[in-house]
Amino acid sequence: MNTVLFLLLAFPLTGALILALTGRFLSQRAVQTVACASVIAAFILALTAFLLSGHSAQTVNLGLWFAAGSFHVDIDLYYDSLSALMTLIVTFVSSLVHIYSTAYMRAEGDNVRYFCFLNLFVFAMLVIATAGNLVFIYLGWEIVGLCSYSLIGFWYSKPGTADAGRKAFIATRLADVAFGTAIALCWTDLNQLSVAGINDGASSLSSGTAAMIGFLLLFAAIGKSAQLPLSIWLPDAMAGPTPVSALIHAATMVTAGVYLLMRFFPVIQCSQTVLLAISLVGVMTVCFGAFSALVQRDIKRILAYSTISQVGYMFLALGAQDLAGSMFHLITHAFFKALLFLGAGCIIKALHEEHDIFRMSGLRKRLPLMFWLFMAGTLSLGAFPLTGGFFSKDRILLSVFLQPDIHFRILWVIASIAAMITPLYAFRMFFVIFYGKPEADSNKNAPIQDLMTITLWPLAILSIFAGFINFPLNWGGSLWLDGFLQTIPGAAAETHPSSQLEWTMQAGFALMTLTMVILAWVLYSREQESDELSGTPMTEAFQRFFLNGFYLDHFYQERIVIPYRNLSVFLWKKVDEGLIDDGLDRKAVFFMKLAERLRLWTTGQISDYVSFLVAGFVMILGCLTALWWFK
Amino acid sequence: MISFPILSAIVFIPLFGGLMALACAKNDVICRWIAIAATLLDLLLVLLLFFLEPIPNISGGWIQVEDFPWIQSMGIRFTLALDGISLVLILLTSILGVLVVLVSWNGINRFVKIFHFFLLAIQTGVLGVFLATDLFVFFLFWELQSVPMFFIIGIWGHEQRIYASVKFALFSIAGSLLMMIAIISLYLVHASQTGEYTFSFLKLMNTSLSWHAEILLFSSFILSFIIKVPLVPVHTWLPDAHTEAPTAGSVILAGLLLKTGVYALIRFGFPLFPYAAQFFTPFLVLLGLAGIFYAGWIALVQEDLKRLVAYSSIAHMGLIIVGIGAWNITTLSGSVLQMINHGITTSALFIMTGMLDERLHTRKLSDLGGLWKTVPIWSGFFLFFAIASIGLPGLNNFVGEILILIGTFKAMPWTALAGFSGLLWTVVYVMKMLQCSLWGKDKPRPGVSDLSLREFAILAPLCLGVFWLGLHPGPALGIIEAAVTAMLDGNIHQAFSRAGSP
Amino acid sequence: MTLLTLKPILFHLILAGGGIIIFGAGVIGKTRSKNLLFFISTGTVIAAALVELLINKDSAHFLMMLDTGDYARFFNVMFALLTFLSLLFTHQYEGLRKAGDEFYGLMIFALLGMSLVAGAVNWIIFFLGFEILSLSFYVLIAIRRDDPYGNEAALKYIIMGMIAGGFLAFGIAMIYASTGSLDMAVSLAGLEKSWDSPVMLLSLCLILAAVGFKISMVPFHLWTPDVYQGAPTPVTALLTTGSKLAVFAGFIRIMMHASDWLWGFSLPILWAVAAATMLTGSITALSQTSIKRLLAYSSIAQMGYVLMGMAAIKNDAGEAVIFYLVVYAITDIGAFGTIATLCTKTGKTLDDLNDFKGLGYSHPWQAALLTLCILSLAGLPPTAGFIGKFIVFRAVLEVQHTGLAILGIAAALLSIFAYLKVIIAIFMKSADKIIVTSGLGTAAMTAFTVIFVALLLFGICPSTIVALIGTINP
Amino acid sequence: MSIPFAHMLFLATLLFVMGAVCAMTRRNLIMILIGVEIMLNASGIAFVAGSMRWQEFQGQVMTLFVMTAAAAEIAVALALIVCVQRRTGSINANRYNLLKG
Amino acid sequence: MTFFDIIFYITASVVVSSTALAITRKNAVHAVCFIVISFMGTAILFYLLGAPLLAALEVIIYAGGIMVLFVFVIMMTKMEKPPVVKSSLSSQWIPAVILGSTCIIMAGILVFSDSGKWLSPPAVTGTPKDFGIVLFQDYWLAVEIASFLLLMAMIGALYLGRRKAYDPPEEKIQEKNVI
């Protein structure tokens, strides 16, 4: 088992290293083969580990990393059912994405860099999933950020891409500061950093400290998972290659934040305030994402906002102390969002890099296969009854509803409204793309490679049927996931709702979704004017507001980025060069001037010299006489 | 203990090599080879020490001590002593010593012999500073290292070299002159108390000083040190010197000279004046933090690549000072390790900037961009070192930073919090640096070739160092920790505990 | 009286004889054979130095007039060395190609004068030595009669020197009037007759003015740059080193013998003039563009450091002061000597800083020595100046003159700024014109080697010389 | 004869200062030299007075040497003045100011 | 107050006033004349103070030798007109007089506070014989040195005063190059 876990991490890392060191000398095919092989091997190993592991957590110590004084950090792994699921999802999705990428990237240059970072990403993600201590998690946490940065900016010569990468990195780094502080706080108060140790010691923490750690972890998670108020980087991150968006910015990395919170759930549970805050963040983000997605025109941006929104649900579930529900949604979301992104990648490729959904209309005829595959993803995203998304989202809403706290009822209401928006924007996207009048003048679409579509099938199937991993009791299911996760600290068995309540909820929810689908059909299946915005000034303003992501980005630009830069310029020009440096220069100038003055003393005239000789004498004489006189 | 005076040999081999290069070399190539040979020999000796000498147990102190009488009438002895802190620092010095010769292989074409002489003389100075325990000898080497540097900046530097070199010289000398007064005063006070005229700092440590005297002496010492480090209000020589120096000069400045300041602070500043040190620690920490923020912010808007790296240096050194201010095993180990880390990473960045300058003849960020397409291997390395410098876990800087910050957190949570935020500023300017150099639209650059084998050979060891210290810092950290523990257990710790209230 | 009784003053006799031989040779040899004169003079100097080195004498005072002990011997050897170096530089110096017997003879007499000033234990000898020293330099400075600058320098020096001589004479008169003795030790210590007469203060001022003039103490320093610039460079070299060293040797003796009462009055004055001298010299040097003037101001600043040491002279600082003086002398003669060798065939010395641009590459030896000397003046290792400054500051701090020490380092910092200007010109600027000088001859190379070795030796292992200096006292 | 010794010293000082004032104020090189002569002469008076006070010869001997020195210096100085005057035609001290600053 | 005292004070006042006249004369020859008077007075003082030989030497060397030398030089150098600028007078004299009077006041304070000693007769009289014995027995070294001083002065004066055939023209003083 130790070997399996070690190899699980080693394979993608080795792949990345091989590519980094020898990639220049390998052919494109060889590069792709190495990358895919290592990830697929990792998937197989993850599967093996999943099958081998029992319910109990396993700890593997791979050696000492560093130590100084009493502070020491090991390289150790902590493999429990949570990690088992996470590794499985990560390796599965990334295997598919890798395979998809081989086709997708065939025409692009610089495959080495792409696959190297992609492999490194898988490694880092696995580290997050399995690391046994906070610092080691932090390693994975940072490296995924780096990979995300590099891959977003993959097409660096296109304007804006590298900026987007930088934005992502800085935003997540902001959260990492909180993470680092959390590490320090854990070390200071618990004297240990291991996941198990912290979770065990959570009960001994004072409530204040626990809340502090909880908030810090929450903030860390917010950054990584693009929740409010740090959600701004994700839409921009869409500048990267689409498979990257699928893997990193939809299926795996953005959920790392959620995963982190799950990992330290016992600590978080210590404080009601933190839980409430998590749910609040979740709900707000859900709304934010949903409304923003509703008016976007760029297909990837729609998906990005939708990701933000869906991850918000996961937060909400965590806040409602439903770890399993959160994980459930994480899994289904990984499948359907990966599917949608990869599908979107196919469409974009086919339409020669067209991103605007309003220029895509009528693709049903042109890309029939994509129509069906995309439909699977859309159904699941829109929580169409009986799809995976339906069950997971329903579960979350139910959990929230079941929370005794009154605040959660309010949250439930809001989340439910947001849940209505989800099918609306999902199907808006779907209908606009595939229905309507085909663009007459559009060129013939580029062929979509088979390999790309093949990878979509498993995702499509799983998107639809992922609900079965945690089939609700009232449908005769067994809640397999709940059972699987019950050993996880903090994921204690909750009170089960009555099946009547479940039925009611599900029915209402299904009805709502269907209504929304119909509404979307009515609104968007017709021909669309590809005008920018339409409607009354009022709605137009709203649309603009949503389109720009609540002007959040704008706000940061105005309030933080520009003042920060101005401050830098001020400090440099005014303080550093002006005050300090010029101050010194002025002193130098002063002495030079003084020197010029003193130079005049040496007049060159003998009489003056004689006078000064005598004057000096008189001065000394005067001093001495005075000294003598007053002594 | 090795009976052969290996420390003296280590200190003087570079100088001797430099003289050889100056006197014997028939042409430039021979001169370069002599320099390489001398530095390699030095490295060999240091490695010998590193691998052959047993790491002393915690209670031990010095690994190797050499002591010769020198100017007896004033009680000056030529004493060199090696402990773990010195060991890792001289290892860094000797490695960078080899690299700077390699770095200058093509870049320096004028007055090659003199250049190598100065280069090696600095190395002697720096090694001397890291090994001396007699304050006079220490001061001698302290001065000795800045004189050749002045020439190197002034003769082989870039456009504003004269201004930069004068500024460097005046700052260095201003600090050291004040320190000279302080050293002599301390020596005299000690002599008046014990009747023994000595500059040995181990003996001077036992001098009992009045509160005012201690404060005054400590501030004189510290001023000199913080100028070298440099901390914020006295840092302005650094951006100019780094920017205008030739690559080898920048590397030595960033990699070695700055370290001497911190080293002196740990070795002499705090142990000699524990009470004053305790009194001043908050100010030092404050200045360190100010450095992190201030330099980090300023670095963002720099237009010159080297200047940007120079400001980043100030910010990094600020963090190291914060670690020293917290003064416990974790932070001190972290600070010393971070000195090594910074030495590796920043040197690498300067070396790479130099390589770029050799190719493009510009360091202006606005002239760069899209380099990944032009020089992919260079860019790969650059990305790597830049990432290392922002403290990516698994690479060297992270270990140092986390040790400092975690250790500090225990003592001064708010300081540590501010320090953590420093990680953010670092990312902001490093990202900007990468943005403007590697990414963006590429410009046509005919005739620009990627790294040569020599350049690769320079960067590869640094790269390995980054990984080694990032993934398995155990050996180095063990040596450092042993030394730090010995130091804390010794006089200093007692003095600190005695120092209850000043 | 047998000839044997003259043994203690053999040094002086050799010099006097040598001087007369040179004048004789000048009269006889109409061709003015330069080499002949050069060899006679250097031979005389070497012989005198050897005599002084080898023949051990009891440290009694010769006729109660002249100290012939170790203190004087040490200084005599130093003066001989300096004169020797100066002669070597003269040999190289194109500007004195036509120098005749007057020049060489007066160089020897200048040496005689120095040794008298340094060795005098009687005011009469001190005064006469002072006059011999001055008189020889009056003529040496004006040795090129057709040179307006030399003439002007000589005129300034002669007028000032005569007035200083008047001060000295009157000062001695006042001492005599209040103590009744012309023996230095007796009169200053006031052992016999009177010891706290206020007239002594008047004489202290007068003697300070006279001595201060010679050692360019502020405010009596104004002649220094003018004379240094105008005089032939080798003469400047000797003037700035030998003459100052000699007067300081006497000054140290005076101060060592001064009674505590007198010392109590001298100390604040020394303190103040030391500070003023250091600062004025250092700061004014900043604005100079002529290298000789720059070095002149720097030598003023250096005298400030010596005076700073003088402020501690009563507390065993003699060692430090003398070591510093020795180092200063070697350094400054090196600096001026180097400049003397940088002389075009037409006898024009390089003087403007602009002429020094790129010198490091066209004249590496001169540049190297000049740089070493400047580093030594600046007090940077590994040169002798570093040790010198260290020792002086140590001496000053030992008597708690911390304020003076701080002013001292401020001055040092400022003067480094000025020194850097020279180094920058030499190494960091490219030459805008080609300067052809006559190459370095054997004489100059010998001098270079001596100075080079001495500066590094005293910088790296000064223990021997420091120990030696520790054994001598006036 | 019973004159206060201070009177003699004061006389010498007065003469000395007059000499110094002469050297300071006059621009004529020869007059400056005359001032110097007055100063040296004043020191002679002081020496002789001292010699009288202490009833011994040292002071008188010293006076002789002062005279000798004065003569020697004046000779050289006058020669130099003649030399420079021959070249420039001026004995105005302040016209010799090529060197300054 | 004895007769000698009176003579002393009278002589002293003559010396002082003639010196004062000497230093203020515009014409150098006049100044030399007054200075000769002053030196004569000094000789009388020397005589009064018991130094007859010095009194004689004063007259011979100072008044006779040196002053004649001055007159010669004055004759040799063609005197230029004194500067016409009148304002220089005050700027010359006022600081000098202030310095001088300060100096005299200070020195006077010091001199008069000396624990007042009165010179009491019989004063020793330096007869030439006594003088010579002291000079050549105790101070022969100084005499030798003084002889060298005179030798040097002679050589120097000869060297400087000698007229050379190729004396350079006057405009050379305008040359900017420093040698």
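Because the structure is predicted, anything quoted here is derived from the model rather than measured.

## Describing the overall build of chain C
Helices and strands together make up the secondary structure of chain C, namely 19 helices and two strands. For 474 residues, the compact-globule estimate of 2.2 N^0.38 gives 23 Å, and the C-alpha radius of gyration of chain C, at 21 Å, lies within 12% of that figure. Counting only C-alpha atoms, chain C reaches 70 × 55 × 40 Å along its principal axes. The proportion of buried residues among the 474 residues of chain C is 76%. When contacts within chain C are restricted to residue pairs at least 6 apart in sequence, those whose partners lie at least 24 apart make up 80%. About 11,300 Å² of surface is accessible on chain C, with carbon and sulfur atoms providing 67% of the total. Seen as two clouds, the 26 positive and the 24 negative side-chain charges of chain C have centres 8 Å apart.

## Some thoughts on the interface of chain D and chain E
With 69 residues of chain D at the contact, the number on the chain E side is 85 residues. Across the chain D/chain E interface, buried area totals approximately 7,400 Å², and carbon plus sulfur atoms make up 76% of it. At the boundary of chain D and chain E, one finds zero salt bridges. Counting across the interface, chain D meets chain E through eight residue pairs in polar contact (both at pLDDT 80 or more). The set of elements that each furnish at least two residues to the side of chain D that touches chain E consists of helix H1 (5–25), helix H2 (29–54) and helix H3 (58–88) of chain D. When its residues are assigned to classes, the side of chain D that touches chain E shows 45 nonpolar, 16 polar and eight charged.

## Remarks on the interface of chain B and chain A
Across the boundary between the two partners, chain B contributes 61 residues, which contact 51 residues of chain A. In this assembly, chain B packs against chain A so that about 5,000 Å² is buried in total across both faces, 69% of it on carbon and sulfur atoms. One salt bridge in this structure joins Lys167(B) and Asp581(A), with 2.5 Å as the shortest N-O distance. Our enumeration of links across chain B and chain A arrives at 18 residue pairs in polar contact (both at pLDDT 80 or more). It is helix H17 (residues 413–437) of chain B that contributes the most residues to the side of chain B that touches chain A, 12 residues altogether. Of the residues that constitute the side of chain B that touches chain A, the class distribution is 38 nonpolar, 14 polar and nine charged.

## Here's the deal with the pattern of salt bridges
All told, the structure shown has 27 salt bridges over all chains when counted by the stated rule. Taking the shortest distance from any N to any O, the salt bridge between Arg173(A) and Glu142(A) comes out at 2.5 Å. Placement of the pair is Arg173(A) in helix H6 (residues 161–190) and Glu142(A) in helix H5 (residues 134–152), with a sequence separation of 31 residues. Exposure remark for Glu142(A): the relative accessible area of 1% places this residue in the buried category. Among the ionic pairs, Asp357(B) bridges to Arg363(B), the shortest N-O distance being 3.4 Å. Judged by relative accessible area, which is 9%, Arg363(B) ranks as buried.

## Focus: the arrangement of the chains
Contact analysis covers eight pairs of chains in contact, and the most contacts occur between chains D and E. Regarding chain B and chain D, the two do not touch, and the least distance separating their C-alpha atoms is 25 Å. Nowhere do chain B and chain E come into contact; their C-alpha atoms are at least 28 Å apart.

## Thoughts on the packing of aromatic side chains
Residues and elements named next belong to chain B. Counted by the stated rule, this structure contains 121 aromatic pairs over all chains. The side chain of Arg 32 reaches across the aromatic face of Trp 105, ending 5.9 Å from its centre. Note that Lys 228 overlies the ring of Trp 142, its terminal NZ or CZ placed 4.9 Å from the centroid.

## Considerations on the pairing of strand S1 (residues 58–68) of chain A
Residues and elements named next belong to chain A. One ladder, built from eight bridges, connects S1 with strand S2 (residues 71–79); its direction is antiparallel. Across the sheet, the residue bridging to Ala 68 is Phe 71, located in S2. What sits between the antiparallel neighbours S1 and S2 is a turn of two residues, in which Gly 69 has the positive phi angle 65°.

## Points about the packing of H5(A) against helix H8 (residues 207–224) of chain A
Residues and elements named next belong to chain A. Axis separation between H5 and H8 bottoms out at 12 Å; the angle between their running directions is 25°. Classified by the interaxial angle, the pair formed by H5 and H8 is roughly parallel. The handedness of the crossing between H5 and H8 is left-handed. Along the contact surface, H5 presents Trp 141, Val 144 and Gly 145, while H8 presents Ala 220, Ala 221 and Lys 224.

## What to know about a nonpolar patch on the surface
All names here are of chain A. Taken together, the side chains of Leu 369, Trp 457, Ile 461, Phe 465 and Phe 468 define a hydrophobic patch exposed on the protein surface, amounting to about 510 Å² of accessible area. Here the nonpolar patch takes three residues from helix H20 (residues 450–465), the largest share from any one element. Tracing the backbone through its elements, the reader meets Phe 465 in helix H20.

## Section: the nonpolar core
Counting residues in hydrophobic clusters, the biggest one holds 812 residues, and the most contacted among them are Met327(A), Leu135(B), Phe385(B) and Phe167(C). Among the elements that make up this core, the one with the highest residue count is helix H6 (residues 148–179) of chain C (21 residues). Contacts of Phe385(B), omitting those with residues within four sequence positions, involve Thr345(B), Ala348(B), Leu349(B), Met352(B), Leu459(B), Leu462(B), Cys463(B) and Val466(B). Formed by five residues, the second largest nonpolar core is a distinct cluster that contains Ala25(B), Cys31(B), Ile34(B) and Val112(B).

## Considerations on the confidence of the model for chain C
When pLDDT is averaged along chain C, the result is 89, and 96% of the positions lie at 70 or above. The spread of mean pLDDT over the elements of chain C runs between strand S1 (residues 61–62) of chain C, the lowest at 81, and helix H5 (residues 123–141) of chain C, the highest at 94.

## Considerations on the packing of helix H2 (residues 28–52) of chain B against helix H3 (residues 84–107) of chain B
All names here are of chain B. Two numbers describe how H2 lies on H3: the axes approach to 9 Å, and their chain directions differ by 160°. Considering the angle they form, H2 stands roughly antiparallel to H3. Judged by the sense of rotation from one axis to the other, the crossing of H2 with H3 is left-handed. Every residue of H3 that contacts H2 at Arg 32, Trp 33, Ala 35, Ile 36, Thr 39, Leu 40, Asp 42, Leu 43, Val 46, Leu 47, Leu 49 and Phe 50 is listed here: Leu 87, Ile 90, Leu 91, Ser 94, Ile 95, Gly 97, Val 98, Val 101, Leu 102, Ser 104 and Trp 105. Counted by class, the contact of H2 with H3 contains 17 nonpolar, four polar and two charged residues.

## Focus on unusual backbone geometry
A cis geometry characterises the amide bond from Val229(B) onward to Pro230(B), with omega recorded as -15°. Along the polypeptide, Pro230(B) turns up in the loop between helix H8 (211–228) and helix H9 (237–244). Across the junction of Pro381(C) and Pro382(C), the peptide omega takes the value 5°, indicating a cis bond. You can see Pro382(C) is positioned in the loop between helix H15 (364–378) and helix H16 (384–398). In the Ramachandran plot, Gln321(A) falls in the positive-phi region, its phi being about 60° despite a non-glycine side chain. In this structure, Gln321(A) sits in the loop between helix H14 (299–319) and helix H15 (323–350). Look at Gln321(A) and you get partly exposed, because its relative accessible area is 28%.

Cut-offs applied
Residues numbered from 1 in each chain as written. Chains lettered and ligands numbered in written order. Predicted model: local features only at pLDDT ≥ 70, side-chain atom pairs only at ≥ 80, totals over all residues. Heavy atoms only, no water. Helix = DSSP H or I, 4+ residues; strand = E, 2+ residues; numbered from the N terminus. Rg over C-alpha atoms; globule rule 2.2 N^0.38 Å. Buried < 20%, exposed > 50% of the residue type's maximum accessible area, 1.4 Å probe, protein only. Contact = heavy atoms within 4.5 Å. Areas by Shrake-Rupley, 256 points an atom, 1.4 Å probe, with all protein chains shown as cover. Lys, Arg positive; Asp, Glu negative; His and termini not counted. Charge placed at Lys NZ, Arg CZ, Asp CG, Glu CD. Buried area = accessible area lost by both parts, 1.4 Å probe. Salt bridge = Lys/Arg side-chain N within 4 Å of Asp/Glu carboxyl O. Polar contact = N/O pair within 3.5 Å; in protein donor to acceptor, adjacent residues only side chain to side chain. Nonpolar A, V, L, I, M, F, W, Y, C, P; charged D, E, K, R; others polar. Phe/Tyr/Trp six-rings, centres within 6.5 Å; stacked < 30°, edge-to-face > 60°. Lys NZ or Arg CZ within 6 Å of the ring centre and 35° of its normal. Pairing = 2+ DSSP bridges. Axes fitted to C-alpha atoms, helices over the stretch in contact; angles between N-to-C directions. Parallel < 35°, antiparallel > 145°, perpendicular 65-115°, else oblique. Left-handed = near helix turned anticlockwise from the far one by under 90°. Patch = residues over 30% accessible without salt bridge, like charges linked within 9 Å, V, L, I, M, F, W, Y side chains within 5 Å. Core = buried A, V, L, I, M, F, W, Y, C linked by side-chain atoms within 4.5 Å. pLDDT = per-residue confidence, 0-100.

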